[in-house]
Every structure is written in structure tokens, then in C-alpha cells.
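Chains, contacts and geometry: an overview
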Amino acid sequence: MAFNIKEQWKQINKDTDKVLWIIVILLAIFSILAVFSTSNKLNVAGSSFLFLLSEHIVYVLLGIGLMFVLQKFPPYKAYGIHGRFFLILAIVLLVATLFFGVSEGGSKRSISVLGHKIQTIHMIELCIVIHFSSWLKRVGDGINDIKHVYIPMLLYILVCCLLIATQKTSASLILGFTLVVLLFLSQLKLK
């Protein structure tokens, strides 16, 4: 059986959300342009302009590749099943960063692994969004129960944002906004 590129491309087009991919590609291009326009003004440990730009392009391409792989294998619906695991992972990452993190700008925001700094705050945000989304799916119409579901969800959002605010306030605000948007995109009745 021969490998047919046209058939593979048709399969990719059938299985993907084109709007999402267009947004991701546009954001990736915008981020590369932003790094291109500011990297000559940055003096990060004597790094050259081309090094910073090429490093960012590599990270963007790795991110897009990872997004493609995670979209295809395994089914994305399986991630919601493991929502509690992702929440525990987020808490472990947060605690590890507080104790073993590298101090930047007065707070510990990253962990050094093999000489590379990994900003755990972004992984924590992703874990929280996955857990919150699976929680919203589980409660379904029950979200309109103000006392037993809606108020605990708002408290969950508040606690998550306060924990992340200890490391990065802007990330906390963005996460809070994202979780509130998810809340209103669910089956919540506006009244």
C-alpha cells in the first residue's frame, strides 16, 4: 500500500477544526514578529538577536507539532477523564516551584531542568483548565444549582487564581478570565 499525500491531507482536513488552526497559525506568526521586533533590544545573558529568534521559532514549531499530535492521538475527550490527575499534577508543580524554583523578578516562577528553565505556571494553567472543563461537562445542567454547584465553582476559580497570583499576577488574571468564559460557555443560564 503506497503512501498517498493527497489522501493523508484529506484525512487531516476532515478531522481538524480549521478555525482553530487558523487562529493558532496567526498567533504563532504574530509571536514570531513580536520576538523579531523586540529581540534586538533584549540583552538576555549576552544572547544574540538570531539566537533568540531561532529559539522562539523552534519553540513555536514544537508547540504546533505537539498540538497536532495531541489532537490526533489519543482522542482529546480522554483528557477530561483524567481531570483530577491533572489538578493534582498542577498542585505538585506549584509546590515544587515554590520550594525548588529559580527566582526571577522577586518570585519563583520556573524550575531548572538540565539547564533549561521551565515555567511551570503555564503547565499549571493548562491542568486547571482541563480539570475545570471536565468538571463542567460532568455537572451539565446541574450547574444552575446556585448553592451546591455554581458557588463552589466560583470558589474554585478564586482559589486557583489566588494560588497562581503568588507567582504571576497577570497569568492569574488571564486564567480567571478563561475560567469565567468557560463557565458562561457551559449550560449556565444567564439569569
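Now for a quick tour of the structure.

Each value, and the rule that gives it
- Residues take numbers from 1 onward in each chain, read along the sequence in its written order.
- Restriction of local features to residues with pLDDT of at least 70 applies here, the model being predicted, together with a cutoff of 80 or more for giving and counting side-chain atom pairs; totals for whole chains, interfaces and linings are based on all residues.
- To get the side-chain values, all heavy atoms of the structure are used, and hydrogens and water are removed first.
- Between any two strands, at least two bridges found by DSSP are needed for them to pair.
- Going along the chain from the N terminus, every DSSP run of H or I of four or more residues is numbered as a helix, and every run of E of two or more is numbered as a strand.
- Lines fitted to C-alpha atoms define the axes, with helix axes restricted to the stretch in contact, and inter-axis angles between N-to-C directions lie between 0 and 180 degrees.
- Note on angle classes: values under 35 degrees are labelled roughly parallel, values over 145 roughly antiparallel, values of 65 to 115 roughly perpendicular, and the remainder oblique.
- Working rule for contacts: check all heavy atoms of both residues, and any pair within 4.5 Å makes them a contact.
- Each residue is assigned to one class: nonpolar for Ala, Val, Leu, Ile, Met, Phe, Trp, Tyr, Cys and Pro, charged for Asp, Glu, Lys and Arg, and polar for all the others, Gly among them.
- Residues with no salt bridge and a relative accessible area higher than 30% make up the patches, which join like charges within 9 Å and nonpolar side chains (Val, Leu, Ile, Met, Phe, Trp, Tyr) within 5 Å.
- Using the Shrake-Rupley algorithm and a 1.4 Å probe, accessible areas are obtained, with residue cover drawn only from the displayed protein chains.
- For this document, the term salt bridge refers to a Lys or Arg side-chain nitrogen within 4 Å of an Asp or Glu carboxyl oxygen.
- Note on exposure labels: buried denotes an accessible area under 20% of the residue type's maximum, exposed denotes more than 50%, and partly exposed covers the range between, all computed with a 1.4 Å probe on protein chains only.
- The span you would expect from a helix comes to 1.5 Å times its residue count less one.
- By arc we mean the arc of the directions from the helix axis to the C-beta atoms, nothing more.
- By definition, any crossing whose near helix is turned counterclockwise from its far helix by less than a right angle is left-handed, and any crossing with a clockwise turn is right-handed.

1. Here's the deal with the pairing of strand 3 (residues 116-119)
Relative to strand 3, strand 2 (residues 107-113) runs antiparallel, the two sharing 4 bridges. Pairing of Val-113 across the sheet is with His-116, part of strand 3.

2. Quick word on the packing of helix 6 (residues 120-139) against helix 7 (residues 146-165)
It is at 12 Å that the axes of helix 6 and helix 7 come closest, and there the two elements cross at 175°. In terms of orientation, helix 6 lies roughly antiparallel with respect to helix 7. Across the interface between the two elements, Ile-121, Ile-124, Glu-125, Ile-128, His-131, Phe-132, Trp-135, Leu-136 and Val-139 of helix 6 pack against Val-149, Pro-152, Met-153, Tyr-156, Ile-157, Cys-160 and Ile-164 of helix 7. Looking at the contact of helix 6 with helix 7 residue by residue, the classes come out as 14 nonpolar, 1 polar and 1 charged.

3. Re a nonpolar patch on the surface
Together, Ile-146, Ile-151, Leu-154, Leu-155, Leu-158 and Leu-162 make up an exposed nonpolar region whose accessible area comes to about 530 Å². Look at Ile-151 and you get partly exposed, because its relative accessible area is 38%.

4. Observations concerning helix 7
The end-to-end C-alpha distance of helix 7, which contains 20 residues, comes to 26 Å, matching closely the 28 Å that a straight helix rising 1.5 Å per residue would cover. When we look at burial in helix 7, the residues that qualify are Val-149, Tyr-150, Met-153, Tyr-156, Ile-157, Cys-160, Cys-161 and Ile-164. Down the axis of helix 7, the sector holding all buried residues measures 120°, keeping them to one side. Residues of helix 7 that are exposed and point over 90 degrees away from its buried face: Lys-147, His-148 and Leu-162.

5. A few points about the sheet that holds strand 3
Ordered by their spatial adjacency, 3 strands build an open sheet running 1-2-3, and the pairing between neighbours is antiparallel. Where the open sheet ends on each side, the last strands, each with one partner, are strand 1 (102-104) and strand 3. Looking at each pair of strands side by side, their axes are set apart by 45° on average, direction ignored. Here helix 5 (residues 83-100) sits on the sheet and contacts strand 1 and strand 2; the angle it forms with strand 2, its principal contact strand, is near 95°. Here helix 6 sits on the sheet in contact with strand 2 and strand 3, set at roughly 30° to strand 3.

6. Thoughts on the pairing of strand 2
Pairing geometry for strand 1 and strand 2, over 3 bridges, is antiparallel. Across the sheet, the residue bridging to Val-102 is Ser-110, located in strand 2. Connecting strand 2 to the antiparallel partner strand 3 that follows it, the hairpin turn spans 2 residues, and Leu-114 within it adopts a positive phi of roughly 55°.

7. Details of the packing of helix 5 against helix 6
If you want to describe how two helices pack, look at the angle between their axes and the distance between the axes. For the pair helix 5 and helix 6, the least separation of the axes is 8 Å and the interaxial angle reads 155°. Taken together, helix 5 and helix 6 sit at an angle that is classed as roughly antiparallel. In the packing of helix 5 onto helix 6, the handedness of the crossing is left-handed. Contacts between helix 5 and helix 6 involve Gly-83, Arg-84, Phe-86, Leu-87, Leu-89, Ala-90, Leu-93, Leu-94 and Thr-97 from the former and Thr-120, Met-123, Ile-124, Cys-127, Ile-128, Ile-130, His-131, Ser-134 and Arg-138 from the latter. Along the lines of polarity and charge, the residues of the contact of helix 5 with helix 6 split into 11 nonpolar, 5 polar and 2 charged.

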